[in-house]
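Topology and contacts: notes
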Amino acid sequence: MESYTELANRARQGDVQAFSGLYESCYRDLYRFALYNLGQEEDARDVVSETVLAAFENIGKLKSAEAFRPWIFRILVNKCKRKRRQYVLRTEELPETLHARERDTCQEMDVRRAFLSLSGEERLIVSLSVFAGYSSSEIGKLLRKNANTVRSKLSRSMGKMQKLLED
């Protein structure tokens with residue numbers, strides 16, 4: 001089995017199979033991140049598809065093989081931001097036959113409310129850490145911030161959410 005770096009190097013040279021291997025390695029994390037940030041399954045799938053297409057078209061511009069994962073997540077973050085801006089402009093009617101799935105909506109609403117009480121930057125840092133599994137140093141590189149600053153903001157953000165959930 002090829003290493004992640006070897007796949008990224010081959011993908012940068014135009015190898016479609018190598019790019020496919022890279023995509024498989026990060027698809028779930030991309031989807032989870034998009035779903036939690038957008039809250040809509042269809043939009044999350046669309047944004048991930050747009051992200052992968054943009055990454056495939058621009059893989060030759062990737063400066064180093066090790067930077068693939070942060071690079072594709074940066075594309076995803078920008079696509080999610082663009083999609084959220086579209087939400088403000090969108091109006092649609094709910095179907096009369098709308099059925100909710102069985103789940104603990106009270107708990108989900110409490111967690112979502114706590115998450116949405118955070119600033120945009122705080123939500124991004126929490127999402128990258130909790131859902132995408134990035135370390136504070138990786139998040140720092142993505143957001144062009146010091147890793148200690150990211151750790152501090154993550155800790156404060158999680159504390160804010162915990163306090164809201166306990167009240």
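Shown above is the structure to which this text applies.
Not measured: the values here are computed from a predicted model.

**What to know about the side chain of Asp 29**
You can see Asp 29 is positioned in helix α2 (residues 16–38). A polar atom in the side chain of Asp 29 sits 2.4 Å from the side chain of Arg 32.

**What about the packing of helix α4 (residues 68–89) against helix α7 (residues 136–143)?**
Axis separation between α4 and α7 bottoms out at 10 Å; the angle between their running directions is 55°. The angle between α4 and α7 falls in the class oblique. At the point where α4 passes α7, the crossing takes the right-handed sense. Of the residues in α7, those touching α4 at Pro 70, Phe 73 and Arg 74 are Lys 141, Leu 142 and Leu 143.

**Examining the environment of Leu 124**
As for its position among the elements, Leu 124 is in helix α6 (residues 120–130). Note: C-alpha distance between Leu 124 and Lys 83 (41 residues apart in sequence) is 15 Å.

**Some details on α2**
Relative to the 33 Å expected for 23 residues at 1.5 Å per residue, α2 spans just 29 Å between its end C-alpha atoms, considerably shorter than the ideal helical length. Along α2, the helix axis deviates most sharply at Cys 26, where the bend reaches about 50°. Among the residues making up α2, those that are buried are Ala 18, Phe 19, Leu 22, Cys 26, Asp 29, Leu 30, Tyr 31, Phe 33, Ala 34, Tyr 36, Asn 37 and Leu 38. Those residues of α2 hidden inside the fold are in contact with α1 (4–12), α3 (41–58), α4, α5 (105–116) and α6. Of the residues flanking the start of α2, the one acting as N-cap is Asp 15, its side-chain oxygen 2.9 Å from the backbone nitrogen of Gln 17. Of the residues one or two after α2, Gly 39 is the one with positive phi, at around 80°.

**Overview of the packing of α7 against helix α8 (residues 147–166)**
Each pair of packed helices gets described by two things: the angle between the helix axes and the distance between those axes. Interaxial distance between α7 and α8 falls to 8 Å at its minimum, and their mutual angle equals 110°. By the angle between their directions, the pair α7 and α8 is classed as roughly perpendicular. Here Ser 136, Ser 137, Ile 139 and Gly 140 of α7 come into contact with α8, specifically with Ala 147, Val 150 and Arg 151. Its residues assigned to classes, the contact of α7 with α8 comprises three nonpolar, three polar and one charged.

**Side note on the packing of aromatic side chains**
Overall, the coordinates contain eight aromatic pairs when judged by the stated rule. Arranged with centres 6.2 Å apart and planes meeting at 15°, the rings of Tyr 27 and Tyr 31 form a pair that is stacked. Taken together, the positions of Tyr 27 and Tyr 31, both in helix α2 and four residues apart, correspond to about one turn of that helix. Of the residues examined, Tyr 27 reaches a relative accessible area of 28% and is grouped as partly exposed.

**Describing the nonpolar core**
Core analysis: the biggest nonpolar cluster contains 45 residues, and Leu 30, Phe 33, Phe 68, Phe 73, Leu 76 and Leu 128 have the highest contact counts within it. Every element with two or more residues in this core is listed here: α1, α2, α3, α4, α5, α6, α7 and α8. Per-element accounting of this core gives the leading share, 10 residues, to α2. When residues no more than four places from it in sequence are discounted, the contact partners of Phe 68 are Tyr 4, Phe 19, Leu 22, Cys 26, Ile 59 and Leu 62.

**Points about the environment of Leu 143**
In this structure, Leu 143 sits in helix α7. C-alpha of Leu 143 to C-alpha of Arg 74: the two residues are 69 residues apart in sequence and 8.4 Å apart in space.

**What to know about unusual backbone geometry**
Trans is the common state for peptide bonds, and a negative phi is the common state for residues other than glycine. The residue Arg 144 is not glycine, and still its phi comes out positive at about 60°. Look at Arg 144 and you get exposed, because its relative accessible area is 68%.

Procedures and definitions
- Residues numbered from 1 in each chain as written.
- Predicted model: local features only at pLDDT ≥ 70, side-chain atom pairs only at ≥ 80, totals over all residues.
- Heavy atoms only, no water.
- Helix = DSSP H or I, 4+ residues; strand = E, 2+ residues; numbered from the N terminus.
- Polar contact = N/O pair within 3.5 Å; in protein donor to acceptor, adjacent residues only side chain to side chain.
- Axes fitted to C-alpha atoms, helices over the stretch in contact; angles between N-to-C directions.
- Parallel < 35°, antiparallel > 145°, perpendicular 65-115°, else oblique.
- Left-handed = near helix turned anticlockwise from the far one by under 90°.
- Contact = heavy atoms within 4.5 Å.
- Expected span 1.5 Å × (residues − 1).
- Bend = angle between axes of the 7 residues up to and from the residue.
- Buried < 20%, exposed > 50% of the residue type's maximum accessible area, 1.4 Å probe, protein only.
- Nonpolar A, V, L, I, M, F, W, Y, C, P; charged D, E, K, R; others polar.
- Phe/Tyr/Trp six-rings, centres within 6.5 Å; stacked < 30°, edge-to-face > 60°.
- Core = buried A, V, L, I, M, F, W, Y, C linked by side-chain atoms within 4.5 Å.

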